[in-house]
Amino acid sequence: MTSEEYSVFSVDEVSNIIKEVIERLIGNHAYQHDQVTRWTADIVDQILTELTNLGKRFKYIVQAVIVPKNGTGLHAASSCYWNDITDGSCTLRWENKYVHAVVSVFGLSI
Amino acid sequence: MSVNHSNDLVENEAFDLSHTTNIIRAIVEDILNRNKFNEDNVNSWTRQIVDRCQQSLLEIHNSFKTIITAMIIPKSEENIHMSNACLWDYEVDGSTIIKWENNSMYCIVSAFALSSAS
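Just so we're clear, the structure is a prediction, and the values are computed from it rather than from any experiment.

### A word on the overall build of chain A
At step 1: Across its full length, chain A holds two helices and four strands.
At step 2: Along chain A, helices and strands appear, N-terminal first, in the series α-α-β-β-β-β.
At step 3: Expressed as lengths along the three principal axes of its C-alpha atoms, the size of chain A is roughly 50 × 25 × 20 Å.
At step 4: Sequence separation of at least 24 residues holds for 71% of the intrachain contacts in chain A that already meet a minimum separation of 6.

### Digging into the interface of chain A and chain B
At step 1: Counting residues at the interface gives 39 residues for chain A, matched by 40 residues for chain B.
At step 2: In this assembly, chain A packs against chain B so that about 3200 Å² is buried in total across both faces, 59% of it on carbon and sulfur atoms.
At step 3: It is A:Lys59, A:His75 and A:Tyr81 in chain A that bury the most area against chain B; as a group they hold 24% of the surface buried on that side.
At step 4: Across the pair A:Asp87 and B:Lys65 runs a salt bridge whose closest N-O atoms are separated by 2.8 Å.

### Thoughts on the side chain of B:Thr21
At step 1: Tracing the backbone shows B:Thr21 in helix H2 (residues 17–32).
At step 2: With residues up to four places along the chain from it excluded, the contact list for B:Thr21 reads B:Thr96 and B:Ile98.

### Regarding the nonpolar core
Residues and elements named next belong to chain A.
At step 1: By size, the foremost hydrophobic cluster in this structure holds 28 residues, and its most contacted members are Ile18, Ile43, Ile47 and Val105.
At step 2: For this core, the secondary-structure elements that each account for two or more residues are helix H1 (11–25), helix H2 (33–53), strand E1 (58–68), strand E3 (88–95) and strand E4 (99–109).
At step 3: With seven residues, the single largest contributor to this core is H2.
At step 4: In this structure, Ile18 is in contact with Ile47, Cys90, Leu92, Val103 and Val105, ignoring residues within four places of it in sequence.

### Section: the pattern of salt bridges
Residues and elements named next belong to chain A.
At step 1: Scanning the entire structure with this criterion turns up nine salt bridges over all chains.
At step 2: In this structure, Glu95 and Lys69 form a salt bridge, with 2.4 Å as the shortest nitrogen-oxygen distance. On the criterion of sequence distance, the pair formed by Glu95 in strand E3 and Lys69 in the loop between E1 and strand E2 (75–81) is long-range, its members being 26 residues apart.

### Considering the side chain of A:Asn96
Residue and element names in this part refer to chain A.
At step 1: Relative to the helices and strands, Asn96 resides in the loop between E3 and E4.
At step 2: The exposure class assigned to Asn96 is buried, which follows from its relative accessible area of 7%.
At step 3: A polar atom in the side chain of Asn96 sits 2.9 Å from the backbone oxygen of Gly27.
At step 4: Here the side chain of Asn96 touches Val99 through a polar contact of 3.0 Å, landing on its backbone nitrogen.

### Here's the deal with the environment of B:Ser56
Residues and elements named next belong to chain B.
At step 1: Structurally, Ser56 is set in helix H3 (residues 39–60).
At step 2: On a C-alpha basis, the gap between Ser56 and Tyr90 in space is 22 Å, while along the polypeptide they are 34 residues apart.
At step 3: For Ser56, the contacting residues outside a window of four places in its chain are Ile23 and Ile27.

### Regarding the sheet that holds strand E1 (residues 64–74) of chain B
At step 1: Pairing is antiparallel across the open sheet formed by four strands, whose spatial order is E2(A)-E1(B)-E4(B)-E3(B). Pairing within the sheet leaves two strands with one partner each, and these edge strands are E2 of chain A together with strand E3 (94–101) of chain B. On average, adjacent strands in this sheet sit at an angle of 10° to one another, irrespective of strand direction.
At step 2: Examined bridge by bridge, E1(B) and strand E4 (residues 105–115) of chain B share 11 bridges and lie antiparallel to one another.

So, how was this worked out
Residues numbered from 1 in each chain as written. Chains lettered and ligands numbered in written order. Predicted model: local features only at pLDDT ≥ 70, side-chain atom pairs only at ≥ 80, totals over all residues. Heavy atoms only, no water. Helix = DSSP H or I, 4+ residues; strand = E, 2+ residues; numbered from the N terminus. Contact = heavy atoms within 4.5 Å. Buried area = accessible area lost by both parts, 1.4 Å probe. Salt bridge = Lys/Arg side-chain N within 4 Å of Asp/Glu carboxyl O. Core = buried A, V, L, I, M, F, W, Y, C linked by side-chain atoms within 4.5 Å. Buried < 20%, exposed > 50% of the residue type's maximum accessible area, 1.4 Å probe, protein only. Polar contact = N/O pair within 3.5 Å; in protein donor to acceptor, adjacent residues only side chain to side chain. Pairing = 2+ DSSP bridges. Axes fitted to C-alpha atoms, helices over the stretch in contact; angles between N-to-C directions.

Below, the structure is given as structure tokens:
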């Protein structure tokens, strides 16, 4: 199979997209209770838009969790049943002074 | 009522939402039960939850690619914000999110099933 016939999930490409979107939307903004819900929704929407613009034949799941920093932790695990060759995921942990964010993208080839 | 004889009926099996939701809820209840949140066990719990959910999902939907995520957060006064977005075939693919809690912690499990056929 040549590379034109199927796409392979690119962790670097996706990681850059996630980073850019978070920086753009949250950056160093202070935690504002009424904004966080909006941030979380905007993050996943904008990441999904940019992934779609890559033009690869993939289905995508984007998940974002934001918790304010106050000492309590967040413990997460994930499991994927997919095609090892073409499919992949990228999880980015990001923080500023006020919040922890964990954003995951799962890409499954069609 | 008409009977549809079509190969598509077998190949384009759709996601069974309520069955999946019930199974996952039962798994979380079984693993976490009335346990108190503690750092030593939490990683093992999240691991067990995703592994068992994955196994069960495969038994129901073996032609689907599946993603399971599980989060355990100790209860505090702060809010947790979570959002998902999916690009998929809405006719056959599906997801469910289970929010579970006891006195000391929240557990959120997301399960996504995506048909390999579309």
